[in-house]
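Close look at the chain arrangement
Each chain is listed here by its residues.
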Amino acid sequence: MPILEIVEGEEIGRKYEWSAGTGIRIGRNNANDFVIPNSSVSGEHCIIEPCEGGWRIKDNGSTNGTRVNHSQRITMAMVYRNDVIAFGDITAIIRGDDVPAAEPAAAPIDSLPRTTIIIKPKSGTSTAVDGFTKKSEGKKFFNVVLIISGIAIVIAAILLVMKLNGNS
């Protein structure tokens, strides 16, 4: 037997049970099967009905919307055992043996365990491959070029100042 239990908002703990082969109408009006007297719930808020593969919920154009598992507003969605359903400000959980469990979702990539492999070169000397130099040799060369360029700029600046002052 399916069960809808309010877990958040007014009337927390209130339950509604119904037969597995029938649906239920949920809303603020007394004509509904499950009446929720809360101003955030529309008069004829939504319906939960059996369908192929389980149960689906359809919003009846409610003012504050219907949400399943904290999603955006839905017009229609499948619901499974222990799904969280929000009708305006009221939150409920659908339970019962006649409500199938959702198939487990694939784990998001960010939640998968990761392994880092660090490969260290063998100790000792190594030779550079033709056309390539070791990183440290390339860095030394770059530093020498940088120092020589800096010295050349300083000398050029001194000569320019001397020429402008007429000391050539």
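So, here's what we can say about the structure. If you're wondering where the values come from, they're calculated on a predicted model, not measured in any experiment.

**Description of the sheet that holds strand β6 (residues 54-59)**
Taken in spatial order, the five strands line up as β4-β3-β5-β6-β8 in an open sheet, and their pairing is mixed. Two strands lie at the open edges of the sheet, namely β4 (34-35) and β8 (76-79), each paired on one side alone. By the bridge criterion, six bridges tie strand β5 (residues 46-51) to β6 in an arrangement that is antiparallel. Paired with isoleucine 48 across the two strands is isoleucine 57, which belongs to β6.

**Concerning a nonpolar patch on the surface**
A contiguous nonpolar patch, built from Ile147, Ile151, Val154, Ile155, Ile158, Leu159 and Met162 and spanning about 640 Å² of accessible area, is present on the exposed surface. Within the secondary structure, methionine 162 is located in helix α1 (residues 135-164).

**Remarks on the sheet that holds strand β1 (residues 3-8)**
Each strand in a sheet pairs with its neighbour through backbone hydrogen bonds, running either in the same direction (parallel) or in the opposite one (antiparallel). One open sheet holds the five strands; their spatial order is β2-β1-β10-β9-β7, and the pairing between them is antiparallel. The open sheet terminates on both sides in strands that have one partner only, identified here as β2 (15-17) and β7 (66-68). Averaged over all neighbouring strand pairs, the angle between strand axes comes to 25 degrees, with direction disregarded.

**Re the pairing of β5**
Among the six residues that make up β5, five are buried, leaving the element largely enclosed by the rest of the structure. Sheet topology note: the strand β3 (residues 24-27)/β5 ladder contains three bridges and is antiparallel. Each bridged residue has a counterpart across the sheet, and for isoleucine 24 the counterpart in β5 is isoleucine 48. Linkage of β5 to β6, two consecutive antiparallel strands, is achieved through a turn of two residues, within which glycine 53 is found at a positive phi near 90 degrees.

Rules used in this analysis
Residues numbered from 1 in each chain as written. Predicted model: local features only at pLDDT ≥ 70, side-chain atom pairs only at ≥ 80, totals over all residues. Heavy atoms only, no water. Pairing = 2+ DSSP bridges. Helix = DSSP H or I, 4+ residues; strand = E, 2+ residues; numbered from the N terminus. Patch = residues over 30% accessible without salt bridge, like charges linked within 9 Å, V, L, I, M, F, W, Y side chains within 5 Å. Areas by Shrake-Rupley, 256 points an atom, 1.4 Å probe, with all protein chains shown as cover. Salt bridge = Lys/Arg side-chain N within 4 Å of Asp/Glu carboxyl O. Axes fitted to C-alpha atoms, helices over the stretch in contact; angles between N-to-C directions. Buried < 20%, exposed > 50% of the residue type's maximum accessible area, 1.4 Å probe, protein only.

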